[in-house]
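Topology and contacts: notes
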Amino acid sequence: MKEKDIQRINELYNLDKSIGLTPEQKEEQRKLRHEYVQSVRANLRAQLNNVSIKNEDGSITPLKPKGLN
C-alpha cells in the first residue's frame, strides 16, 4: 500500500471525527481500509513463510500454512 493511501485513510478518519463523511467518502474509506488490511495480512504471511522451527534433535521444520501438514 502506498504512503499516500495511508495518509488518505488518516485524512478521512480525522474528517469523520470533525464534520462527518459523505456517503462517497465513507465508501472510499471502507475500500482503503480493506486494501490496508489485505496488505498487512499479505506481509505477515510472507514473514511467516520464512520462519522455521529448530527442533530439540537439531532438525529444522519450516512453518506450513494451516491444513497443509
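Note that the structure is a prediction, hence the values are computed from the model and not measured. (Residues numbered from 1 in each chain as written. Predicted model: local features only at pLDDT ≥ 70, side-chain atom pairs only at ≥ 80, totals over all residues. Heavy atoms only, no water.)

Looking at the pattern of salt bridges
Note the following rule: In the sections that follow, a salt bridge refers to a side-chain nitrogen of Lys or Arg positioned within 4 Å of a carboxyl oxygen of Asp or Glu. Strands here are runs of E lasting at least two residues and helices are runs of H or I lasting at least four, both read from the DSSP assignment and numbered beginning at the N terminus. To sort residues, take the accessible area from a 1.4 Å probe on protein chains only and compare it with the maximum for the residue type: under 20% means buried, over 50% means exposed, and anything in between is partly exposed.
With the rule as written, the count across this model stands at three salt bridges. In this structure, the salt-bridge partner of Glu 11 is Arg 8, at a minimum N-O distance of 3.2 Å. Of this pair, Glu 11 and Arg 8 are both found in helix α1 (residues 3-18), three residues apart, which corresponds to roughly one turn of the helix. Overall, Glu 11 belongs to the partly exposed group, its relative accessible area being 44%. Arg 30 is the salt-bridge partner of Glu 27, the closest N and O atoms lying 2.6 Å from each other. Of the two residues, Glu 27 and Arg 30 both sit in helix α2 (residues 23-49), three residues apart, roughly one turn of that helix. One salt-bridge network, in which partners are shared between bridges, spans Arg 8, Glu 11 and Glu 28.

A few points about the confidence of the model for the chain
Spelled out, the test is: Confidence scores labelled pLDDT are given residue by residue by the predictor and lie between 0 and 100.
On average, the chain scores 91 in pLDDT, and the residues at 70 or more come to 93%. α1 holds the highest mean pLDDT among the elements of the chain, 96, whereas strand β2 (residues 60-62) holds the lowest, 88.

Topic: the packing of α1 against α2
Helix packing for two helices is described by the angle between their axes and how far apart those axes are. Under the convention used in this document: In this description, a line fitted to the C-alpha atoms serves as the axis of each element, helices being fitted only across the stretch in contact, and the angle between N-to-C directions of two axes falls anywhere from 0 to 180 degrees. Angle categories are assigned with fixed cut-offs, so that under 35 degrees is roughly parallel, over 145 is roughly antiparallel, 65 to 115 is roughly perpendicular, and the rest are oblique. Left-handed describes a crossing whose near helix is turned anticlockwise from the far helix through less than a right angle; right-handed describes the clockwise counterpart. Whether two residues are in contact is decided by their heavy atoms: any pair within 4.5 Å suffices. Amino acids outside the nonpolar list (Ala, Val, Leu, Ile, Met, Phe, Trp, Tyr, Cys, Pro) and the charged list (Asp, Glu, Lys, Arg) are all regarded as polar, and Gly is one of them.
Where α1 meets α2, the closest approach of the two axes is 10 Å, and the angle between their N-to-C directions is 135 degrees. Between α1 and α2, the angle is such that the two are oblique. As for how α1 packs across α2, the hand of that crossing is left-handed. Residues Asp 5, Ile 6, Arg 8, Ile 9, Leu 12, Tyr 13 and Leu 15 of α1 form the contact with α2, whose participating residues are Gln 25, Glu 28, Gln 29, Leu 32, Arg 33 and Tyr 36. For the contact of α1 with α2, a count of residues per class yields seven nonpolar, two polar and four charged.

Some thoughts on the side chain of Gln 29
By the secondary structure assignment, Gln 29 is in helix α2. With relative accessibility at 7%, the residue Gln 29 sits in the buried group. Setting aside residues up to four positions removed in sequence, Gln 29 forms contacts with Leu 12, Tyr 13 and Leu 21.

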